[in-house]
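# Structural description and commentary
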Amino acid sequence: MSVLEPTRRQPWVESPYVRSLMAGGLAGTTVDMSLFPLDTLKTRLQSSAGFVASGGFSGMYKGVGSAFWGSAPGAALFFITYDGIKRSLAPTATTARTATGQEYTVKEDTGAGVHMLAASLAEVAACAVRVPTEVVKQRAQAGQHPSSLSALTHILQQRSTHGLPHVWRELYRGWSITIIREIPFTVIQFPLWESLKKYRQAQTGRSQVSGLEGGLLGSAAGAVAAAFTTPLDVLKTRMMLAREKQPMFSMLSQILRESGPRAFFAGIGPRVGWISVGGAIFLGSYQWASNLLGGDEEA
């Protein structure tokens, strides 16, 4: 499919990388702060200690400090990588003329394979920020520490007894399972989101969907991806909350032995609901900010 590019306003921000950074940072902070209680609920439902023992419905904003400081850089790094790879692998635009001699730009669609590759590499980059943030946040959410600062301090203090490599491993505990969870998630979510956007663009004839449309389509894509990847999310949460670091397959066997297969779908309702609403806020606010900063007519 080809897209006829309409006239655009002058971009507010010329650099596409700066646009990705600003729009991504805004989107990450907005979604994490607005939906933090749902994330806490999901974490406590998945904890091996049980929902009530992990805090129940009290202290729903425990750990919000680490989420606040990690949201913007993590999301900005994701979209800088994602958009950058898409741009570098996108087909070259060509110029054509109408019957009256007016020139216009024809852009060929970027394939789903490019979206999958870009999203996967973007997740790996973002996890450099996201994993330590998640470790600190979830330990506070599950009631192991009274706050994010307390959880972080506890990890850093282990340097004197266990050494710096141990501290590094603690901060990045669950790195492998997070990557294993996030790559399938984004391989489902982002190509689906891009396809839904292309379908909407074909219906309207516009070069971009609006922020509201991007949010609604992002909500649908996020809900599908969340449902399929819930078992990986449960495994990641258990590994991050374990008192001692355990190999992934050891934790997998322990969950099956102690709780059975149903445990892998613990918290699926809050997770799908959280990511569905989060997808609307995250991708909707990103689309809106990206359109606005880029000078697109439909912001």
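What counts and what doesn't
Residues numbered from 1 in each chain as written. Predicted model: local features only at pLDDT ≥ 70, side-chain atom pairs only at ≥ 80, totals over all residues. Heavy atoms only, no water. Helix = DSSP H or I, 4+ residues; strand = E, 2+ residues; numbered from the N terminus. Buried < 20%, exposed > 50% of the residue type's maximum accessible area, 1.4 Å probe, protein only. Areas by Shrake-Rupley, 256 points an atom, 1.4 Å probe, with all protein chains shown as cover. Core = buried A, V, L, I, M, F, W, Y, C linked by side-chain atoms within 4.5 Å. Contact = heavy atoms within 4.5 Å. Salt bridge = Lys/Arg side-chain N within 4 Å of Asp/Glu carboxyl O. Phe/Tyr/Trp six-rings, centres within 6.5 Å; stacked < 30°, edge-to-face > 60°. Lys NZ or Arg CZ within 6 Å of the ring centre and 35° of its normal. pLDDT = per-residue confidence, 0-100.

On to the overall build of the protein chain. When helices and strands are counted, the protein chain shows 11 helices and three strands. When burial is assessed residue by residue, the protein chain has 48% of its 299 residues classed as buried. Summed over all atoms, the accessible surface of the protein chain reaches about 14000 Å², with 64% contributed by carbon and sulfur.

What follows covers the nonpolar core. Phe78, Phe79, Tyr82, Phe190, Trp193 and Phe282 are the most contacted members of the largest nonpolar core, which has 26 residues in total. Secondary structure elements with two or more residues in this core: helix 1 (16-34), helix 3 (64-89), helix 4 (112-141), helix 8 (175-204), helix 9 (211-241) and helix 11 (268-294). Here the element with the most residues in this core is helix 11; it accounts for six residues. With near-sequence residues (within four places) excluded, Phe78 lies in contact with Ala119, Ala122, Glu123, Ala126, Thr186 and Phe190. In terms of nonpolar packing, the next biggest core, distinct from the first, is built from 10 residues, Val135, Val136, Ala151 and Met240 among them.

Think of it this way: side chains of opposite charge can pair up when their charged atoms draw near. Evaluated as defined, the whole model comprises 16 salt bridges. We note a salt bridge from Glu182 to Arg181, for which the minimum N-O separation is 2.1 Å. Given a relative accessible area of 6%, Arg181 falls into the buried group. For Arg206, the salt bridge is made with Glu213, and the minimal N-O distance between the two is 2.3 Å. Taking the relative accessible area as the measure of exposure, Glu213 reaches 14% and is therefore buried. Overlapping salt bridges bring together Asp39, Lys42, Glu123, Arg130, Glu134, Lys137, Arg181, Glu182, Asp233, Lys236 and Arg271 as one network.

The next subject is the packing of aromatic side chains. The final tally for this structure, using the stated rule, is 14 aromatic pairs. Taking the centre distance of 5.0 Å and the plane angle of 75° together, the rings of Phe51 and Phe57 count as edge-to-face. Taking relative accessible area as the criterion, Phe57 reaches 64% and is therefore assigned exposed. Clustering of aromatic rings is evident, with ring pairs tying together Phe78, Phe79, Tyr82, Phe190, Trp193, Phe282 and Tyr286. The ring of Tyr17 has Arg87 sitting right over it, with the charged end atom 4.6 Å from the ring centre. The ring of Trp193 carries Lys197 above its face, with NZ or CZ at 3.8 Å from the centroid.

We now examine the confidence of the model for the protein chain. Scored by pLDDT, the protein chain comes out at a mean of 84, with 89% of its residues at no less than 70. Mean pLDDT values for the elements of the protein chain range from 44 in strand 1 (residues 2-4) up to 91 in helix 7 (residues 164-171). Residue range residues 1-7 is modelled with pLDDT below 50. Its contacts to residues more than four positions away, or to other chains, number 20 contacts.

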